[in-house]
Each structure stands twice: as C-alpha cells, then as structure tokens.
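So the chains spell out like this:
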Amino acid sequence: MHDVSNVGPRIIFRFGDSGVYVTESVVFGAIVALVLIVLALWLTRNMKAIPTGKQVFAEFIVSTIYNLVEGTMGKKALNYAPYIGTLFIFLILGNMLGLFGFRPITADVNTTFALALITFCLIQRQAIKTYGVKGKLKEMCEPYAFMFPLKIIEQISFPISLGFRLFGNILGGVIVMALIFTGLGSLCHSLNLPIPLLEAVIPLPANAFFDIFEPILQAFIFTMLTMVFISMEMMVNDHGDEE
C-alpha cells in the first residue's frame, strides 16, 4: 500500500499469454466476501427466540439497516434492505483494507464501476417496474421528444460519476498515505534514526482519517446515493397511486 511508484493494483496471477489475469483487487474482494459469509453464518448460528450474546449484535445490525432503508426509501422498499446492508458492509471492509497494510479494493476503478453498474441496473429495474417499458421511454421523452438523447446521457453518466467518486476518494487516500510514509522514511534515513519513530507516530492522525473515517464516510455516501436514486423511481409510482 505504501509504494507510491505503483498506482494500479498488482497482478497476482496470469493465465498464460492470453492476456487474462487476476489482480489483488479480485483476490481481496473475494476474501472480503468470504469474511462476510463466515460472519453471517456465525452470527446466525443457533438463533433463539430470546436473543443473547452474538444474536443481539446480529439483530442490532439487521434492525439498523432496515430502519435506514425504511427511513430513506419507505416501507415499500424494505425488499432492498438485504442488498443495501451487504453493499454497505462490503464497502466498509473493502475500503478499510489500508488499515491492515493492504490496498483497498475500491482503489481499483474496475471494482467501483462494477458496484456502480449493479446500482444502475437496480435503478433501471425499479423504473421499468414503476412505469413499464413504454412508460419509461415516454417519461424519458418528457417534456419534449428532443430530450430523449439528453436523458440517455444522464442515465449513462450516473454510474460513471458514482464509480469515479468512490474510486477517486479512496485512491486519493492511498496516494496521500504513500507519500507520507515515503517522505518520513527518507527523513528517518537522512537523520540516521535507528528506529523509524517518525513513521510509527506522526502518520497516526492521517491513518485514522484515510483508513477509518474516510472509508466509512465513502461507503455511507455510495450506499445513500444508491438508495436515493432507487427511491426516486419509486416515488413516481406512489404519486401515481395518490392521483
């Protein structure tokens, strides 16, 4: 993580000369997903009618996520809660890998675009569910037909901006921390310090911001934008019901 000379993710494995390879983002993404699966199985094992111990913690997480979805999207959107909760926790863990000395998976534009594309597909799915295919095409032509190409550009630009926002913020933190450690390492070497005291103490505030606060904040923003844009397609349906 602290090597400023290599901005992109490292290639872990190549499949011969085919040009197909596996990067560290894929490996760590799979590890994060596996950790989530193991935690879910462990927290939901031997559940009881009256919760105790780890079940209390599990129910607290689930209730918090459902309350967040209900407060943001409404009761009709509670079916999105499992995805929203999984996305939020996955992003927190993936963003915070720098805390353990690894490269965050969201510092790879392929990861953020993949997640943004999932959000985009869910938005379009909800739009079609709300309007129908013909209704969605008609809505994109309002108030004038020449607006249709502009609406297409608007739809396509959303996942691009969403992916770049997350990627840019996390990669920026990676670069800043790399520069800090590189600069302090050079200073320690020039001062002939036997113990890298500067590297161990001075970066702690920056570590707290870029490896803890910023990852949680960016995960929250990405998740909130997902909920807001999906719920926008549901509001039209609610309005239509009232009419």
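Attention in this report is confined to the structure presented alongside it. (Residues numbered from 1 in each chain as written. Predicted model: local features only at pLDDT ≥ 70, side-chain atom pairs only at ≥ 80, totals over all residues. Heavy atoms only, no water.)

Before going further, it helps to examine a nonpolar patch on the surface. There is a patch of nonpolar side chains on the surface, built from Ile 12, Phe 13, Phe 15, Val 20, Val 27, Ile 31, Val 35, Leu 39, Trp 42 and Leu 93 and spanning about 860 Å² of accessible area. Listed by contribution, the elements that provide at least two residues to the nonpolar patch are strand S1 (11-14) and helix H1 (24-43). Broken down by element, the residue count for the nonpolar patch peaks at five residues, all from H1. Among the secondary structure elements, Phe 15 is positioned in the loop between S1 and strand S2 (21-23). (Patch = residues over 30% accessible without salt bridge, like charges linked within 9 Å, V, L, I, M, F, W, Y side chains within 5 Å. Areas by Shrake-Rupley, 256 points an atom, 1.4 Å probe, with all protein chains shown as cover. Salt bridge = Lys/Arg side-chain N within 4 Å of Asp/Glu carboxyl O. Helix = DSSP H or I, 4+ residues; strand = E, 2+ residues; numbered from the N terminus.)

Quick look at the pattern of salt bridges now. Should their charged atoms come close, side chains of opposite charge can pair. Under the definition given, this model contains three salt bridges. Ionic contacts of the salt-bridge type, sharing partners, join the residues Lys 136, Glu 139 and Glu 233 into one network.

By size, the foremost hydrophobic cluster in this structure holds 34 residues, and its most contacted members are Val 69, Met 73, Tyr 80, Leu 91, Phe 222 and Ile 230. Looking at this core, the elements that each hand over two or more residues are H1, helix H2 (54-73), helix H3 (81-95), helix H4 (109-131), helix H6 (148-191) and helix H8 (204-242). Of the residues forming this core, the biggest block, seven residues, is contributed by H6. Among all residues touching Leu 91, those that are not within four sequence positions of it are Thr 106, Leu 115, Leu 166, Ala 219, Phe 222 and Thr 223. (Core = buried A, V, L, I, M, F, W, Y, C linked by side-chain atoms within 4.5 Å. Buried < 20%, exposed > 50% of the residue type's maximum accessible area, 1.4 Å probe, protein only. Contact = heavy atoms within 4.5 Å.)

Attention now goes to H1. With 20 residues, H1 ought to run about 28 Å at 1.5 Å a step, and its terminal C-alpha atoms sit 28 Å apart, in line with that. Turning to H1, its buried residues number three or more, namely Glu 24, Ser 25, Phe 28, Gly 29, Val 32, Leu 36 and Leu 43. Seen from one end, H1 has its buried residues packed into an arc of 130°, which puts them on one side. Exposed residues lying more than 90 degrees from the buried face of H1 are Leu 34 and Leu 41. (Expected span 1.5 Å × (residues − 1). Arc of directions from axis to C-beta.)

Moving on: the side chain of Lys 151. Here Lys 151 is to be found in helix H6. Of the buried charged residues, Lys 151 lacks a salt bridge, with Glu 139 as the closest side chain of opposite charge at 4.2 Å. From its side chain, Lys 151 meets the backbone oxygen of Glu 139 in a polar contact 3.4 Å long. Look past the residues within four positions of Lys 151 in its chain and what remains in contact with it is Glu 139, Met 140 and Glu 142. (Lys, Arg positive; Asp, Glu negative; His and termini not counted. Polar contact = N/O pair within 3.5 Å; in protein donor to acceptor, adjacent residues only side chain to side chain.)

Here the largest pocket defines a volume of roughly 770 Å³. If you go around the largest pocket, you meet 25 residues; those closest to its centre are Ile 61, Val 62, Ile 65, Gly 85 and Ile 89. Elements represented by at least two residues in the lining of the largest pocket include exactly H1, H2 and H3. The element that contributes the greatest number of residues to the lining of the largest pocket is H2, accounting for ten residues. When its residues are assigned to classes, the lining of the largest pocket shows 20 nonpolar, four polar and one charged. As a volume, the second largest pocket reaches approximately 290 Å³. In this structure, the second largest pocket is lined by 14 residues; those nearest its centre are Glu 154, Gln 155, Phe 229, Met 232 and Glu 233. When residues of the lining of the second largest pocket are traced back to their parent elements, those giving at least two are H4, helix H5 (133-139), H6 and H8. Residues of the lining of the second largest pocket, tallied by class, amount to seven nonpolar, two polar and five charged. (1 Å grid on protein atoms, 1.4 Å probe; cavity = no way out; pocket = protein on both sides within 12 Å on 5 of 7 lines; lining within 4 Å. Points joined across faces, edges and corners; volume = space filled by probe spheres on them. Nonpolar A, V, L, I, M, F, W, Y, C, P; charged D, E, K, R; others polar.)

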